[in-house]
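Here are the chains, one letter per residue:
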Amino acid sequence: MTGGENRPRADHPLRSVAGGGPTETPSEDELLAGVARGEPDAFAALYDRLAASVYGLVRRVVRDPAQSEEVTQEVLLEVWRTAPRFDASRGSAVTWVMTMAHRRAVDRVRSEQSARDRTERAGAREGAAEHDVVAEEVEVRLEHEHVRRALASLTDLQREAVELAYYGGRTYREVAELLDAPLGTVKTRMRDGLIRLRDALGVGR
Amino acid sequence: MSAEVHALAGPYALNALPEDERAFFERHLAACEPCQREVRELRATAALLGDAIAEEPPADLRDRVLAAAHGTRQQSPHLPRSTGRPGRLRTALSAVAAVLVVAATGLGVVAARLQDRVEELEAQVQASRAVVRVLQAGETRSERLTTRGAARAQVVWSPRSAVLVASRLPELPGGSVYQLWLIRGRRPAPAGTFRPEDGRAIVGLQGRPAGADAVAMTVEPPGGSPAPTGDVVAEGPLGT
Ligand SMILES: [Zn+2]
């Protein structure tokens, strides 16, 4: 099923209200169906709904504004191009777009960092220090109180592992190095951290 | 499967697996229903983390994206994927594409990024048969064609069979088609028509390349023409 991201969200003025009839604002899933049929208006409406979410995430991972804009454009064009093959049984439109955005952002930073650069960065900064920077920046920008609260409910290691991977674009191996924790532990904390977030945020089963 | 494999669903949903482990987990995922469900849920969870740091992009991005979409052809809806057959077909085509890349690279030619395009190849079973025929012939050669504009085209051929590999082909209006020609002396013989998918095509040429001096590609009205009438968009010597 589509999960909790389609539930009503009073804190996001652009977000549609679930369960709307034909006179209501169409949902992202309905808009994406229109995009799949090649409707430019549906694509424009979907842009208005999701561009800020995509850009915010890409910007957090990629950092450089010009490159973030480039990646955002790539992602949204990819949405247009591949919408006819979107498979609704595998998740919601929002999740699909955000997953693609994160993947592209991560690909961009990983292809740009040479192995040397990565080693340098990992060595030069203490893991805890890097996490503090990530966490601070994210904290400032976290608009959604319920997400903030959900993150606060994790153990330190769960939260650090999830944030470094998702907002920092790091692999779990890098995260393990940065946090000086065993690989297996980091993998597990990412998973149980996400599961705890899932339950706290009421993402559907 | 050991429990450790399932634990990868967490880092996978966060795009935190290195490439090799990602491929490994995706093979597991294809066959593990609990992991599929968990990945769906954890991705939806991660999407909320992303959504929570939304930030307005520069205002002019909107026009650029909408304009770019206007000029971008959409994929055709995919073939059914839940049956066993497309999976095997994909694997077979993937192997064919890989072999063709090796063959073309061995000839010192920059091959199209075929491996990346395996998905598009699903719709091109016919072409893959032609590719197989060319490869089975053993003695293959390859020629990059001279093209108009940004289009790229290359022909891989043996004396018995030839394949065109093209990318960045402009979209054609109406039902117009690209038509291939094998030229002997000054006489062009029709070698098949096609419409590209997302600007790309892998097409087996009709007719035997043996004895042909050149290959050419024109734009023709729907259904093609008995002799070339439209603009030549790609051409090159065959030199069999
Ligand atoms: Zn599993």
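First things first, this report covers the structure right here in the doc. These numbers come from a predicted model, not from an experiment.

## Topic: the overall build of chain A
Right, so step 1: The number of helices and strands found in chain A is ten helices and zero strands.
Right, so step 2: Of the regular secondary structure in chain A, the N- to C-terminal order runs α-α-α-α-α-α-α-α-α-α.
Right, so step 3: A total accessible area of about 9,200 Å² is found for chain A, and carbon and sulfur atoms account for 51% of it.

## Describing helix α8 (residues 156–166) of chain A
Right, so step 1: In terms of residue burial, α8 of chain A counts as a mostly covered element, since nine of its eleven residues are buried.
Right, so step 2: Taken together, the buried positions of α8 of chain A are occupied by Gln 158, Arg 159, Glu 160, Ala 161, Val 162, Glu 163, Leu 164, Ala 165 and Tyr 166 of chain A.

## A look at the packing of aromatic side chains
A ring pair, where both rings are aromatic, is described by two values, the distance of the centres and the angle of the planes.
Right, so step 1: Using the criterion set out here, one finds five aromatic pairs over all chains in the structure.
Right, so step 2: Each ring, one from Phe 86 of chain A and one from Trp 96 of chain A, has its centre 5.0 Å from the other, and the planes form 50 degrees; the classification is tilted. Of this pair, Phe 86 of chain A sits in the loop between α3 (65–82) and α4 (93–112) while Trp 96 of chain A is found in helix α4, placing the two residues ten residues apart along the sequence.
Right, so step 3: Their ring planes at 25 degrees and their centres at 5.6 Å tell us that Tyr 178 of chain B and Phe 194 of chain B sit as a pair that is stacked. Taken together, the positions of Tyr 178 of chain B in strand β5 (residues 177–184) and Phe 194 of chain B in strand β6 (residues 187–194) put the pair 16 residues apart, joining distant regions of the chain.
Right, so step 4: Phe 194 of chain B sits in the buried class, given a relative accessible area of 8%.

## Considering the packing of helix α7 (residues 145–152) of chain A against helix α10 (residues 183–201) of chain A
All names here are of chain A.
Right, so step 1: For the pair α7 and α10, interaxial distance at closest approach is 9 Å and the crossing angle is 140 degrees. As summarised for this structure, α7 and α10 are arranged oblique, according to the angle between their axes. By crossing handedness, the relation of α7 to α10 is classed as right-handed. Taken together, the residues of α10 that come into contact with α7 (itself represented by His 146, Val 147, Ala 150 and Leu 151) are Leu 197, Ala 200 and Leu 201.
Right, so step 2: Taken together, the residues that form the contact of α7 with α10 break down as six nonpolar, one polar and no charged.

## Focus on unusual backbone geometry
Residue and element names in this part refer to chain A.
Right, so step 1: Notably, Arg 63 is not glycine yet its phi reads approximately 75 degrees, a positive angle.
Right, so step 2: Its location among the elements puts Arg 63 in the loop between α2 (40–62) and α3.
Right, so step 3: With a relative accessible area of 42%, Arg 63 lands in the partly exposed category.

## Here we look at the coordination of the zinc ion
Residue and element names in this part refer to chain B.
Right, so step 1: Only His 6 (ND1), His 28 (NE2), Cys 32 (SG) and Cys 35 (SG) from the protein coordinate the zinc ion, and they sit 2.0 to 2.3 Å from it.
Right, so step 2: Geometry at the zinc ion is tetrahedral, judged from its four donor atoms and the angles of 102 to 121 degrees they form at the metal.
Right, so step 3: One chain supplies every donor for the zinc ion, spaced along it as H-x21-H-x3-C-x2-C. In this structure, His 28 and Cys 32 share a single accessibility class: buried.

## Regarding the sheet that holds strand β8 (residues 214–220) of chain B
All names here are of chain B.
Right, so step 1: Strands sit in the order β2-β9-β8-β5-β6 across an open sheet of five strands; the sheet is antiparallel. Every interior strand has two partners, whereas the edge strands, β2 (146–147) and β6, have only one.
Right, so step 2: Bridge count for β5 against β8 is seven bridges, and the pairing is antiparallel. Among the inter-strand pairings, Gln 179 is bridged to a residue of β8, identified as Thr 218.

## Thoughts on the packing of α2 of chain A against α3 of chain A
All names here are of chain A.
Right, so step 1: Where α2 meets α3, the closest approach of the two axes is 9 Å, and the angle between their N-to-C directions is 140 degrees. Taken together, the axes of α2 and α3 lie oblique to each other. For the pair α2 and α3, the sense of crossing is right-handed. Packed against α2, whose contacting residues are Phe 43, Leu 46, Tyr 47, Ala 51, Val 54, Tyr 55, Val 58, Arg 59 and Val 62, the element α3 presents Pro 65, Gln 67, Ser 68, Glu 69, Val 71, Thr 72, Val 75, Leu 76, Val 79 and Trp 80 at the interface.

## Observations regarding the interface of chain B and chain A
Right, so step 1: Each side of the interface is counted separately: chain B has 56 residues, and chain A has 67 residues.
Right, so step 2: Interface area for chain B against chain A, summed over the two sides, is near 5,700 Å², with a carbon-plus-sulfur share of 59%.
Right, so step 3: Sorting the residues of chain B by area buried against chain A places Leu 49, Ile 53 and Gln 74 of chain B first, and these three jointly supply 12% of that buried surface.
Right, so step 4: On the surface where chain B and chain A come into contact, there are ten salt bridges.
Right, so step 5: In this structure, Arg 103 of chain A and Glu 19 of chain B form a salt bridge, with 3.3 Å as the shortest nitrogen-oxygen distance.
Right, so step 6: Contributions of two or more residues to the side of chain B that touches chain A are made by α1 (3–7), α2 (9–13), α3 (19–31), α4 (33–51), α5 (61–70) and α7 (118–121) of chain B.
Right, so step 7: It is α4 of chain B that contributes the most residues to the side of chain B that touches chain A, 13 residues altogether.
Right, so step 8: Here the side of chain B that touches chain A is built from residues that sort into 25 nonpolar, ten polar and 21 charged.

## Description of the pairing of strand β3 (residues 152–157) of chain B
Residues and elements named next belong to chain B.
Right, so step 1: Extensive coverage of β3 is indicated by the burial of five of its six residues.
Right, so step 2: Bridge count between strand β1 (residues 141–144) and β3: four bridges; the pairing is antiparallel. Bridging across to β3, Glu 143 finds its partner in Val 155.
Right, so step 3: Bridge count for β3 against strand β4 (residues 162–167) is six bridges, and the pairing is antiparallel. Paired with Gln 154 across the bridge in β4 is Val 165.
Right, so step 4: Counted along the chain from β3 to the antiparallel partner β4, the turn is four residues long.

## Some remarks on the nonpolar core
Right, so step 1: Of all hydrophobic cores here, the largest spans 80 residues; its most connected members are Met 190 of chain A together with Leu 14 and Phe 25 of chain B.
Right, so step 2: A total of eleven residues in this core trace back to one element, the largest contributor, which is α2 of chain A.
Right, so step 3: Counting contributing residues per domain, this core is built from domain 1 (4–113) and domain 2 (142–201) of chain A, each supplying no fewer than three.
Right, so step 4: Excluding residues that lie within four positions of it along the chain, Met 190 of chain A makes contacts with Ala 161, Val 162, Ala 165, Tyr 172 and Val 175 of chain A together with Gly 10, Pro 11, Leu 14 and Ala 16 of chain B.

What counts, and at which threshold
- The residue numbers shown here count from 1 along each chain, following its written sequence.
- Chains carry letters from A onward and ligands carry numbers from 1 onward, assigned in written order.
- Per-residue local features of the predicted model are confined to residues with pLDDT of at least 70, and side-chain atom pairs are confined, for both listing and counting, to 80 or more; whole-chain, interface and lining totals are unaffected and use all residues.
- Water and hydrogen atoms play no part in the side-chain values, which are based on all heavy atoms of the structure.
- Going along the chain from the N terminus, every DSSP run of H or I of four or more residues is numbered as a helix, and every run of E of two or more is numbered as a strand.
- Exposure was quantified through the Shrake-Rupley algorithm and a 1.4 Å probe, taking into account, for residues, occlusion by the shown protein chains and nothing else.
- Any residue under 20% of the maximum accessible area for its type is buried, any over 50% is exposed, and the rest in between are partly exposed; the area is computed with a 1.4 Å probe on protein chains only.
- Two rings from Phe, Tyr or Trp (for Trp, the six-membered ring) form a pair when their centres sit within 6.5 Å of each other. Planes less than 30 degrees apart are called stacked, planes more than 60 degrees apart edge-to-face, and all others tilted.
- Note on geometry: axes are C-alpha line fits, over the in-contact stretch for helices, and angles between N-to-C directions span 0 to 180 degrees.
- Should an angle fall under 35 degrees it is called roughly parallel, over 145 degrees roughly antiparallel, and 65 to 115 degrees roughly perpendicular, with every other angle called oblique.
- The hand of a helix crossing depends on one turn: near helix anticlockwise from the far one by less than a right angle means left-handed, and clockwise means right-handed.
- By the convention used here, residues are in contact when the closest approach between their heavy atoms is within 4.5 Å.
- Any residue that is not Ala, Val, Leu, Ile, Met, Phe, Trp, Tyr, Cys, Pro, Asp, Glu, Lys or Arg is counted as polar, Gly included; the first ten are nonpolar and the last four charged.
- Here a donor is an N, O or S atom found within 2.8 Å of the metal, or within 3.2 Å if the metal is Na, K or Ca; sites may look incomplete because water is not among the atoms.
- A site with four donors is called tetrahedral when every donor-metal-donor angle falls between 85 and 135 degrees; four donors are called square planar, and six octahedral, when opposite donors sit more than 155 degrees apart and all other angles fall between 65 and 115; any other arrangement is irregular.
- Each pair of strands is called paired provided DSSP finds at least two bridges between the two strands.
- Summed over both partners, the accessible area lost on bringing two parts together, with a 1.4 Å probe, is the buried area.
- Whenever a carboxyl oxygen of Asp or Glu lies within 4 Å of a side-chain nitrogen of Lys or Arg, that contact is scored as a salt bridge.
- By nonpolar core is meant a set of buried Ala, Val, Leu, Ile, Met, Phe, Trp, Tyr and Cys residues that side-chain atoms within 4.5 Å join together.
- Domain start and stop points were drawn from an automatic or database domain assignment.

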